[in-house]
4 protein chains.
Amino acid sequence: MPSQTTTRMPSYSFMDDYSEGAHPALLKALVSSNATQETGYGNDTYCELARQRIRRHLGRDNVGIFFVPSGTSANAISIAACLRPHEAVIAASSGHIVTRETGAVEASGHKIINVAPHQGKLTPMVIERALKDNWHFPHMAKPRLVYISNATEIGTIYTRDELAAIKQVCEQNELILFLDGARIGTALASKANDMTLSDVLELTDIFWIGGTKNGALLGEAVVVKEPRLASEFEFYVKQHGSLLAKGRVIGAQFAELFAEDLYFELARQANVAAETLSRGIAAAGFTVSAATETNQVFAALPLGLIKVLQDHFTFYVWERYGDDEAVIRLLTTWATDSEQVDRFVEMVHQWK
Amino acid sequence: MPSQTTTRMPSYSFMDDYSEGAHPALLKALVSSNATQETGYGNDTYCELARQRIRRHLGRDNVGIFFVPSGTSANAISIAACLRPHEAVIAASSGHIVTRETGAVEASGHKIINVAPHQGKLTPMVIERALKDNWHFPHMAKPRLVYISNATEIGTIYTRDELAAIKQVCEQNELILFLDGARIGTALASKANDMTLSDVLELTDIFWIGGTKNGALLGEAVVVKEPRLASEFEFYVKQHGSLLAKGRVIGAQFAELFAEDLYFELARQANVAAETLSRGIAAAGFTVSAATETNQVFAALPLGLIKVLQDHFTFYVWERYGDDEAVIRLLTTWATDSEQVDRFVEMVHQWK
Amino acid sequence: MPSQTTTRMPSYSFMDDYSEGAHPALLKALVSSNATQETGYGNDTYCELARQRIRRHLGRDNVGIFFVPSGTSANAISIAACLRPHEAVIAASSGHIVTRETGAVEASGHKIINVAPHQGKLTPMVIERALKDNWHFPHMAKPRLVYISNATEIGTIYTRDELAAIKQVCEQNELILFLDGARIGTALASKANDMTLSDVLELTDIFWIGGTKNGALLGEAVVVKEPRLASEFEFYVKQHGSLLAKGRVIGAQFAELFAEDLYFELARQANVAAETLSRGIAAAGFTVSAATETNQVFAALPLGLIKVLQDHFTFYVWERYGDDEAVIRLLTTWATDSEQVDRFVEMVHQWK
Amino acid sequence: MPSQTTTRMPSYSFMDDYSEGAHPALLKALVSSNATQETGYGNDTYCELARQRIRRHLGRDNVGIFFVPSGTSANAISIAACLRPHEAVIAASSGHIVTRETGAVEASGHKIINVAPHQGKLTPMVIERALKDNWHFPHMAKPRLVYISNATEIGTIYTRDELAAIKQVCEQNELILFLDGARIGTALASKANDMTLSDVLELTDIFWIGGTKNGALLGEAVVVKEPRLASEFEFYVKQHGSLLAKGRVIGAQFAELFAEDLYFELARQANVAAETLSRGIAAAGFTVSAATETNQVFAALPLGLIKVLQDHFTFYVWERYGDDEAVIRLLTTWATDSEQVDRFVEMVHQWK
């Protein structure tokens, strides 16, 4: 049962990437934007400025850009807007819409066909298999949209070739490709990445740029390529209760994030912190169990060491790993304190 | 078709009560809250503090309080949470859920039975008539929840007796009473008001306290009295995409609004500005067409005067009134500039 | 609360047009169809035969025809299939989907904009007014489909000109025109009618032909003109639980109804019985309060006479009419016993 | 894309259990019921008689019994009626609601948590594992209802002990147990069965008795144990378009099926035919790949033999099995022609 008790953070947290407030530059932008009267519901100066700047990064003028307050709203609205009642989503069984959004997609009436991911990712083969398993029309819902995340829920990223291959199978089968970009910043700022934001636009039909997990207090920007869908999208934002009257609260932050390169700079900082943790843990002889490509570190540590670390740090114990070990998950952000990172690594090294 | 063009405000606006940013005290609270790490999803220090303070105003400890980003989300979530699939809402045909929320209630599956309001308000008689007209079960959806707004969409307010009478008819007929409090501040701060916040709690089953239209950048606080509903409510907030990861963005503002009496102080300021406008216009010999009880003024002015005013002010022309006049709507807030109010009244007086 | 107690009919019933079983010819067709093995889910010989015959009556080959078990399923499925999430229906406040289908349209997520009917019918002016009142996008759901019934809920019918005028306003405003044909038989068989079934096809986008109220044990045939919608329609039938495994149970009956002219012959018989009642009552000096164009008679009778009639007949007392009278509703069908009609009229005449 | 072309059955069909019409006794009952006027919407003499007789078989008076036209409507309505918006279903990945109902459960807003079946069945361990994997509230939908089928989709059945163990885990975890009884006849008539219909009532919360696949032209009877749910259930039937105006069309058939023991007698005949096929094929030296407990036979046959059989019989080729074989599925009913069974077995034996 959900309780409303506050859990004060007892120690330094690597629990998630939304424990911090806004980046100072965004907070300042918010304060500056406060004095004027502005038109409501996203038609204000700041939202418009943010749209212009994001479009500049996308290298394209005629795309719809819509600000919503949360990742779940970005996903649920986008999917509801794209599908007709009998159409279904193909998603990894580890996908955020499957595991962490309280059935929001189903609440808008759509089935999710779960498929097994490879390192958190979908592949053309997996998608084609899902099509093959869901042919018996009209007794089966019709697969119509593919949901992927970049970075994925376990921190891995898609290469340009991988995404292009998925896009191709989507086009061949009239599937809409939708990319959840809650962590698109750390994905595109990853050392392993070979894509730009405009590549993502080219290789998907609809995607979103996460603000909440990369410097903003709240807010995600949904990018809608198809003109007819874009022309109707605001209806869905409003119907889902996600059209904020004072749009500036998101607009001012995104205008700042995309003024120059701040959005990706913050993501790089998060990735650097994760890499430091990952290397430090590996150097102490422990297994880092998934490639650290972005801001998530999965490390297998002895239970005794985990207990010691828990006296000073907060993090998820992800799953048991044999008798004496467990995999822990550490998340970093632009705000991660490098001294705390060093202190964590040091404790790992001191364990024997 | 919704367009994304920005309309810069050309002149001083009396258009609505969400054109301003946050009240400076709330902005300061937001800035102060920024530095620490906090638990996500509404379990942070600030949300908890805000809940404590609101409960103190309510005079009751064991009520659920849930923060959501917008009025539409407050309404849609509350109604979805209260009803089973075959149950319907009774609401005034002028109600916000009927006229300005893109069918969000219907999108969660529920019929709204429209009834005619009296000065924006429902009455026991109107509710009983709706019950009488919707008896043919199971062919008709079952009336189960009554939706009212205080202040109403035209700025009128309920007296304690009026609300008590509605509550009584609800209890006699097993109807849930839900109050939309987007403007509950100006209602309870009205000179005509004879209720406290704890009266509202006593006389309804679920209601919400609007932040967006009374000093906050965003956010509304839904108050849920019934324990079982309160224990499940967070699921609905999350499912509707309205559970913000960084809850502090709403919590810090509400903690400030209810630290002492700021929430009602701001509402009083809005009401005073409206009263000044209303009296000034009436003194110039024009009809103020609905009692100005809160922060909305409806005045019937000559078309020529309206044209002159439009060169300096922005406001809604509500509807034509005879051949040469129209009713305009003016909204005020805590931030309304009293010099602009005086200037507006002066122009009205100078018209001949 | 709905109870499961059986009410044995105590006397001859003019209560509704679904108290009878199937017409003998349909029952015989059902029995004949019973012996063979048939492909399931509407792909059987009988459904196909019924489609061919209905298409012959429509004068057009390339329309989708889908069989569903009930009027509510025909309406709910058709509307769900036509609309996107933010789109609304315009309907008369007396419309069956508004008053007698337990919110089935809203349960599939769509708002119904209620408008005032003229003699049970919509007019171009009323539709245009609804458009004018629902322009505030994206805050209002977008009107997209017009729902009408022929015959209407009070038994009146549309002329060809009236329907053409509605179709024109729909085309000018990109509105889909949907016609509920629960009683399309009695409408097209009415003496006042000047349309054929193929006119209805031409002047609407989607409509249905009611079987339940005109000779069949169950079943309605939805006619879908637009090819893309037709190609997907079976998904919606299935998703709503309305795709019967043994399609023959509806197919065999419709094949019989449309073998020659039986469908309209049965409707004519119902209309003749209604006309006899109507004329008889009027001849006795009582007011027949709406034109009897089809199989519904609304008559204003003294309360004392109604009491006498109720000892021998079952019918709805529709509403009070002054102090001493009430309007009663009488429905007739192909199966209405002409001796009972004569007996009813005789009792009316004997009253003094 | 669904096509409307009729596929005439070219040969004797073992394809499914709904290719036949009604059992002659039911057809006769339908014909007898045709002459009288009856109250509409399930309140007729025949529905009431059917309820009485089913209650006699259940050994209990105070249960709600509701007739709906199809299996998909029985499942979708029951689940929609039982759940609140944030509650999810646990079901086998092979469950009919997962694989063959066009997302009808999701269309009413509910997530289905897929789990791996054991021989088509759920076990307490699998259910407990699903609970363990779905604990993260409010981010995950709350598991609240367990869906099982008896017989399962592959023809296996639950023993009394197995069902009791599932019921126990449901009670311990406040889960509603719902049983899809599309083939409950063949399950309870199976030689391997040790339950009565009243056991099923005792060990579930809601279940249905399938008519369509066991002698009826259409119709399923949903049995609702909990009084409050039963008191509201008719609303859901109506809202889903499944409340037939002429209820007798289902009522008369169920009254006949449960007059004495006909329902189980028909199921026994189906099982005998399946057993004959199964034994015959096994005697010829081929593998029958799942226990033939009810009316489904799964046999692995050489591709060459399958080709020969297809010249005379229609059946599903279920899946490839090695290089030279495939598993075929044969279904039988009360109407299966024993001569055709013998002919099929003979052809298998003649193959070399």
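Residues numbered from 1 in each chain as written. Chains lettered and ligands numbered in written order. Predicted model: local features only at pLDDT ≥ 70, side-chain atom pairs only at ≥ 80, totals over all residues. Heavy atoms only, no water.

A. Fine view of the nonpolar core. Within the largest apolar cluster, 120 residues are counted, with the highest numbers of intra-cluster contacts made by L122(C), I209(C) and I209(D). Residue contacts for L122(C): discarding those within four places in its chain leaves I90(C), A91(C), A92(C), V115(C), I127(C), V146(C), Y147(C), I148(C), Y158(C) and I166(C). (Core = buried A, V, L, I, M, F, W, Y, C linked by side-chain atoms within 4.5 Å. Buried < 20%, exposed > 50% of the residue type's maximum accessible area, 1.4 Å probe, protein only. Contact = heavy atoms within 4.5 Å.)

B. Seen up close, a negative patch on the surface. Residue and element names in this part refer to chain A. A surface patch of negative charge is lined by D337, E339, D342 and E346. Checked against the element boundaries, D342 lands in helix α14 (residues 338–350). By relative accessible area, which is 44% here, D342 ends up partly exposed. (Patch = residues over 30% accessible without salt bridge, like charges linked within 9 Å, V, L, I, M, F, W, Y side chains within 5 Å. Areas by Shrake-Rupley, 256 points an atom, 1.4 Å probe, with all protein chains shown as cover. Salt bridge = Lys/Arg side-chain N within 4 Å of Asp/Glu carboxyl O. Lys, Arg positive; Asp, Glu negative; His and termini not counted. Charge placed at Lys NZ, Arg CZ, Asp CG, Glu CD. Helix = DSSP H or I, 4+ residues; strand = E, 2+ residues; numbered from the N terminus.)

C. Structural context of unusual backbone geometry. Here the amide bond leading from N150(A) into A151(A) is cis, since omega sits at -10°, within 30 degrees of zero. Between F137(B) and the following residue, P138(B), the backbone shows a cis peptide bond with an omega angle of 0°. Inspection of the secondary structure puts P138(B) in the loop between α6 (124–133) and β5 (142–149). Of note in this structure, Q119(D) is not a glycine but carries a positive phi near 50°. Q119(D) gets classed as exposed once you look at its relative accessible area, which sits at 58%.

D. Summary view of the interface of chain B and chain A. On the chain A side, the residues contacting the 62 residues of chain B number 62 residues. Taken over both partners, the interface formed by chain B and chain A buries close to 5,500 Å², and the fraction arising from carbon and sulfur atoms is 51%. Taken together, the links from chain B to chain A amount to 0 salt bridges. The interface formed by chain B and chain A includes 26 residue pairs in polar contact (both at pLDDT 80 or more). At the level of elements, β1 (12–13), α1 (24–32), α2 (45–58), β2 (64–68), α3 (71–82), α5 (104–107), α10 (227–239) and α11 (248–257) of chain B are the ones that each hand at least two residues to the side of chain B that touches chain A. Considering each element in turn, the side of chain B that touches chain A owes the most residues, 5 residues, to α10(B). (Buried area = accessible area lost by both parts, 1.4 Å probe. Polar contact = N/O pair within 3.5 Å; in protein donor to acceptor, adjacent residues only side chain to side chain.)

E. How the structure looks around the interface of chain A and chain C. The partner chain C presents 21 residues to the 21 residues of chain A that form the contact. When the two sides are added together, the surface that chain A and chain C hide from each other amounts to roughly 2,000 Å², 59% of it contributed by carbon and sulfur. We note a salt bridge from E232(C) to R84(A), for which the minimum N-O separation is 3.0 Å. Counting the contacts that link chain A with chain C gives 10 residue pairs in polar contact (both at pLDDT 80 or more). Mapped onto the side of chain A that touches chain C, the elements with two or more residues apiece are α3 (71–82) and α10 (227–239) of chain A. When its residues are assigned to classes, the side of chain A that touches chain C shows 11 nonpolar, 3 polar and 7 charged. (Nonpolar A, V, L, I, M, F, W, Y, C, P; charged D, E, K, R; others polar.)

F. Geometry of the UniProt feature "domain: Aromatic amino acid beta-eliminating lyase/threonine aldolase" (unreviewed entry) in chain A. This chain's UniProt record puts "domain: Aromatic amino acid beta-eliminating lyase/threonine aldolase" (unreviewed entry) on residues 38–299 of chain A. Secondary structure across residues 38–299 of chain A divides into 44% helix and 17% strand, with the first and last C-alpha atoms of the span separated by 48 Å. (UniProt positions renumbered as here; feature names shortened; annotations may be inferred.)

G. The sheet that holds strand β8 (residues 220–224) of chain C, seen in detail. Residue and element names in this part refer to chain C. Pairing within the open sheet is mixed, and its 7 strands lie in the order β2-β8-β7-β6-β5-β3-β4. The open sheet has two edge strands, β2 (64–68) and β4 (112–115), and neither has a second partner. Along the sheet, successive strands turn relative to each other by an average axial angle of 25°, direction set aside. Pairing analysis gives 2 bridges linking strand β6 (residues 176–180) to strand β7 (residues 206–210), with the strands arranged parallel. The residue bridging L179 from the neighbouring strand is F207, located in β7. In this fold helix α3 (residues 71–82) packs onto β2, β3 (87–92), β5 (142–149), β6, β7 and β8, with an angle of close to 175° to the strand it touches most, β6. (Pairing = 2+ DSSP bridges. Axes fitted to C-alpha atoms, helices over the stretch in contact; angles between N-to-C directions.)

H. Layout of the state of the cysteines. In this structure the tally under the stated criterion is 0 disulfides over all chains. Unpaired in this structure, C82(A) has its nearest cysteine sulfur neighbour in C170(A), at a distance of 12 Å. (Disulfide = S-S within 2.5 Å.)

I. Region of interest: the relation of the copies chain B and chain A. When chain B is fitted to chain A, the best match, at an RMSD of 0.0 Å, comes from turning it 180° and sliding it 0.0 Å along the axis. Put plainly, the chains are arranged around a two-fold axis. When each C-alpha of chain B is compared by its distance to the rotation axis, H240(B) comes out closest, at 3.4 Å. With an isologous cut-off of 70% or more, the 100% of interface residues of chain B that recur at the interface of chain A puts this contact in the isologous class. (Least-squares fit on C-alpha atoms with pLDDT ≥ 70 in both.)

J. Looking closely at helix α11 (residues 248–257) of chain C. All names here are of chain C. Of all 10 residues making up α11, 9 are buried, and the element is well covered by its neighbours. For α11, every residue scored as buried is listed here: R248, V249, I250, G251, A252, Q253, F254, A255 and L257. The elements touched by buried residues of α11 are α1 (24–32), α2 (45–58), β2, β7, β8 and α12 (262–283).

K. View of the domain arrangement of chain A. All names here are of chain A. Split into domains, chain A comes out as domain 1 (12–19 + 263–350) and domain 2 (24–259). Across the boundary between the two partners, domain 1 contributes 18 residues, which contact 29 residues of domain 2. Together, the buried faces of domain 1 and domain 2 total about 2,000 Å²; carbon and sulfur atoms form 57% of this surface. It is Y263, F264 and E293 that lose the most area in domain 1 upon contact with domain 2, and together they represent 37% of the buried surface on that side. Linking domain 1 with domain 2 are 2 salt bridges, by the criterion used here. Residues K191 and E275 are paired through a salt bridge, measuring 3.1 Å at the closest nitrogen-oxygen approach. There are 12 residue pairs in polar contact (both at pLDDT 80 or more) connecting domain 1 and domain 2. When residues of the side of domain 1 that touches domain 2 are traced back to their parent elements, those giving at least two are α12 (262–283) and β10 (296–302). Element by element, the count of residues in the side of domain 1 that touches domain 2 is highest for α12, at 9 residues. Of the residues belonging to the side of domain 1 that touches domain 2, the class tally is 9 nonpolar, 4 polar and 5 charged. (Domains from an automatic or database assignment.)

L. How the structure looks around the relation of the copies chain A and chain C. Superposition record for chain A on chain C: RMSD 0.0 Å, screw rotation 180°, translation along axis 0.0 Å. Both copies present the same face, since 100% of the interface residues in chain A are matched by interface residues at the equivalent positions in chain C.

M. Broad picture of the packing of helix α6 (residues 124–133) of chain D against helix α7 (residues 160–172) of chain D. Residue and element names in this part refer to chain D. Running from N to C, α6 and α7 cross one another at 20°; their axes reach a closest spacing of 9 Å. Classified by the interaxial angle, the pair formed by α6 and α7 is roughly parallel. In this structure, α6 meets α7 at a crossing whose hand is right-handed. Contacts between α6 and α7 involve P124, I127 and E128 from the former and A165, I166 and V169 from the latter. Here the residues of the contact of α6 with α7 sort into 5 nonpolar, no polar and 1 charged. (Parallel < 35°, antiparallel > 145°, perpendicular 65-115°, else oblique. Left-handed = near helix turned anticlockwise from the far one by under 90°.)

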